[in-house]
Structures are given as structure tokens and as C-alpha cells.
Amino acid sequence: MKLFYTDTFVLPLPPGHRFPMEKYARLRERLRASGQFADADFRSPMAASTEQLCHAHAAEYVARVCRGDLSAAEIRRIGFPWSEGMVKRSRRSAGATIAACRIALQETCAINLAGGTHHAHADHGEGFCVFNDAAVAARVLRAEGCVQRLAVVDCDVHQGNGTASICAEDASVFTFSIHAQKNFPFAKAISDLDVGLPDGTGDTVYLQQLAWALDQVFARARPDLVIYLAGADPYCDDRLGRLALSFDGLAARDEMVFAACRDRRVPVAVAMAGGYAHVIDDTVSIHCRTVLAARRIFDPLLG
């Protein structure tokens, strides 16, 4: 199973910044140490081109990001200081999801060890998201004729408002988000299917709601490919999450999504999305278990 990583493209952050940038390198090293993957399984992706980014983003916004012409208010909304490193990493992360989608169509499953930047809209970024990798990848593959229909299954604790907004008028991309209703973003977009859950929702209710929703997604979308945002932030000790899922609950969530794709013979590309646990190794462990679950469930099918 191919794993695309971008942690060597550093996004420099000031001391004390609340985004846990080091989780990505820790995840890659944890997976290398697991013994489940060969060196050739780890791949550094190409950067998404300007043309590819413009399938989902306004050309003027892409140009201003790349030139560093964002206003102070726009930079605050994104949450990262502008730098050439920010641009490079953002383009590579989008490129990683494009690459994961292409490999998944050939080999059933592939994973971006970053990505899931679902708050980026067509003309602005927000919430630590510059370019929307899932929307970009979906639009690129659709434009190239690789797929007819896609579904974005977003299990980050925050609603995928940017993805929903970008794809609102696109019948070929079905957007589904299961999230904490009272969490960021406080003004929600409208996905094709939204499941907003109350604070403190635990494993049992969450998994019941997810099982129902996945049946809806596959029945309504009939996707040729799923892009799965496997956020670690529904975890009970996440600083920015409110759904109170356990390690085992999150593992069951991943297995449910992967089994739903496997049983319907639908390839899946995975992105890590959010994770802000008080103990960063908890976030790394959750992401690692997601990747290993994919490896276990799809192993007989991998090319």
C-alpha cells in the first residue's frame, strides 16, 4: 500500500503555535518502524500544479497565495503565517491526495499521510487549510475522465465546510460530513449529507449514526472512488474536539468505513485530516491505527 508523505517540506511555525506540525514526521517514522511497509511504499508526491489547483479554487486566490499577496485578515483566517514553505507544503499535500486517488484506482487503497484540508474554500483558506486537497483531487480526476462519481466521507470532528461549498453545484462529487454540530465552523455549509452530533457523543451513538450514513452515501452517490478524511480529532482528549470517542471507537470507525468500501468494491484514498490531542503521541497513534487498519482490511486486494 502506497503512503504519500510531505513532512520533509517544512511549514515553519512560530514557537508555541497550536498546530502540531511534528505529528506528520512522527507518523511516518512510526509506520516505518511497524514493519508493515517496504521503503518503496513511502513516496514523496509531486506538487499540485496551478492548473490542478484551479479546478477547485479561484485562479486569483491561487495566484495571491503563491505570491504572498494575502491580506493580514486572510492570513489570520488561515491560521498560518505566510511563507514559501507554506505554499510548497500546501501544494505538495494537495498533490499527495491526487496521487493517492490515482493509485487507489489501480490498487484499491492508498494514503496521504497529511491532507484533509477541508476548510479551504474556492476563494479563501481558513482553519489551518490553504488548498482543499479532497476537492482538488476530486475535480482533477473527474476532469481527466478517471471517474464519473466520487464521494468524500469526512469523519473529522469539524464539518468539511470548504469541501461542501466548493462541490455544492457539482453532482459528480457527493459530500458527507459527520461532525460535532456546535464546533468550528460555527456557520456550517450544506453538504449532500450532514450528520451533526451533540457534544459528548460517545462511541456507541457515533458508530450507529455512521453506519446509517454510510448506507445513505453509497446508495445515493454510487461512487467510483471514496476520499476518506480520517480525522483523529473526535478523540476524547483532543483539544479541539467534542465528540468523546475512545481509541477503540475511532478504530471501529475506520474499520467500518474501510469495510463499507471493500464490500462494495469501491477504491478509497485516505487523508489524515485533523488531530490536536493534549498528548501528541495519542494523535500519532490514532493516525497510525487508521493506516494499519487499511493495510489489514485491503491487504488481500492490494496490487
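By convention here, each chain's residues receive numbers from 1 onward along its written sequence. For this predicted model, a pLDDT threshold of at least 70 governs which residues receive local features, and a threshold of 80 or more governs which side-chain atom pairs are given and counted, while totals over whole chains, interfaces and linings are taken from all residues. Excluded from the side-chain calculations are hydrogens and water; all other atoms, namely the structure's heavy atoms, are used.

1. Here we look at the sheet that holds strand S6 (residues 193-197)
The criterion, for reference: Only strands that DSSP links by at least two bridges are regarded as paired with each other. Runs of E in the DSSP output that reach at least two residues are strands. Runs of H or I that reach at least four are helices, and both are numbered from the N terminus. For this analysis, residues touch if any pair of their heavy atoms sits within 4.5 Å. Orientation is described by lines fitted to C-alpha atoms, with helices fitted over the stretch in contact, and by angles between N-to-C directions that extend from 0 to 180 degrees.
Taken together, the eight strands give an open sheet; going across it, the order is S2-S1-S3-S8-S7-S4-S5-S6, and neighbouring strands pair in parallel fashion. Looking at strand neighbours, the two that pair on one side only are strand S2 (42-43) and S6, the edges of this open sheet. Where strand S1 (residues 2-4) and S2 come together, two bridges link them in parallel fashion. If you follow Phe4 over to S2, its bridge partner there is Arg43. Together, S1, S2, strand S3 (109-112), strand S7 (225-229) and strand S8 (268-271) form the strand contacts of helix H5 (residues 84-107), whose direction differs from that of S3 by roughly 170°.

2. Notes on unusual backbone geometry
Residue Pro185 is bonded to the preceding Phe184 through a cis peptide linkage, with omega at -5°. Turning to its location among the elements, Pro185 is positioned in the loop between strand S5 (173-180) and S6. We note that Ala244 has phi near 65°; this positive angle belongs to a residue other than glycine. Residue position: Ala244 is located in the loop between S7 and helix H9 (247-263).

3. As for the pairing of S5
Remember that side chains alternate between the two faces of the sheet whenever the strand is regular. To be explicit about the condition: Residue exposure (1.4 Å probe, protein chains only): buried if accessible area is under 20% of the type maximum, exposed if over 50%, otherwise partly exposed. Seen with the strands pointing away from the viewer, any crossover whose path from the first strand over the helix to the second strand runs clockwise is right-handed.
Buried residues dominate S5, accounting for eight of its eight residues. Looking at chain direction, strand S4 (residues 150-154) and S5 are connected through five bridges and run parallel. The residue of S5 that forms the bridge with Ala151 is Phe174. Chirality of the crossover, the property in question, places the unit of S4, helix H7 (residues 161-166) and S5 among those that are right-handed. Two strands pair when backbone bridges link them, and S5 and S6 are joined in this way by five bridges, in the parallel orientation. Residue pairing in the sheet places Ser177 in a bridge with Asp194 of S6.

4. So, the pairing of S4
The element S4 is extensively covered by neighbouring structure, given that five of its five residues are classed as buried. Here S4 shows a buried face lined by Leu150, Val152 and Asp154 and a second buried face lined by Ala151 and Val153. Examined bridge by bridge, S4 and S7 share five bridges and lie parallel to one another. Looking across to S7, one finds that Val152 is bridged to Ile227.

5. With respect to the nonpolar core
The line we're drawing: Here, nonpolar core means buried Ala, Val, Leu, Ile, Met, Phe, Trp, Tyr and Cys residues that are tied together by side-chain atoms lying within 4.5 Å of each other.
Counting residues in each nonpolar core, the largest one holds 54 residues, and the members touching the most others are Ile111, Phe176 and Tyr228. Membership of the second largest hydrophobic core comes to 48 residues, among which are Leu70, Phe131, Val140 and Val147.

6. A closer look at the side chain of His158
Tracing the backbone shows His158 in the loop between S4 and H7. When near neighbours in sequence (up to four residues on either side) are disregarded, His158 contacts His118, His119, Ser177, His179, Asn183, Phe184, Pro185, Asp233, Leu240 and Tyr276.

7. Considering helix H10 (residues 280-298)
Where we set the bar: Expected helix span is given by 1.5 Å per residue-to-residue step, counting one fewer step than there are residues.
Counted at 1.5 Å a residue, the expected span for H10 with its 19 residues is 27 Å, and the 28 Å between its end C-alpha atoms agrees. With 14 of its 19 residues buried, H10 lies for the most part within the structure.

8. Some remarks on the layout of surface pockets
Going by this rule: Computed over the protein atoms alone on a 1 Å grid, cavities are sets of points where a 1.4 Å probe fits but cannot get out and pockets are open sets with protein on both sides within 12 Å along at least five of seven lines; a residue lines them when it has an atom within 4 Å of a point. Grid points are joined across faces, edges and corners, and a volume is the space filled by probe spheres set on the points. Residues are grouped as follows: nonpolar covers Ala, Val, Leu, Ile, Met, Phe, Trp, Tyr, Cys and Pro; charged covers Asp, Glu, Lys and Arg; every other residue, Gly included, is treated as polar.
In this model, the largest pocket occupies a volume close to 530 Å³. Taken together, 35 residues form the lining of the largest pocket, with Phe19, Gly127, Phe128, Cys129 and Tyr276 sitting closest to its centre. Of all the secondary structure elements, the ones that give two or more residues to the lining of the largest pocket are helix H1 (23-33), helix H4 (72-78) and H5. The leading source of residues in the lining of the largest pocket is H5, at four residues. The class makeup of the residues in the lining of the largest pocket is 16 nonpolar, 12 polar and seven charged.

9. Here we look at empty space enclosed by the protein
Applying the stated criterion across every chain yields a total of two cavities of 30 Å³ or more. The computed volume of the largest cavity comes to approximately 40 Å³. Elements that contribute at least two residues to the lining of the largest cavity include exactly S4, H7 and S5. Counting residues per element, the lining of the largest cavity draws most heavily on S5, which supplies three residues.

10. Digging into the environment of Ile297
Here Ile297 is to be found in helix H10. Classification of Ile297 as buried rests on a relative accessible area of 12%. Residues Ile297 and Gly16, 281 residues apart in the sequence, show an inter-C-alpha distance of 38 Å. If we ignore the near neighbours within four places in the chain, the residues touching Ile297 are Glu255, Phe258, Ala259 and Arg262.

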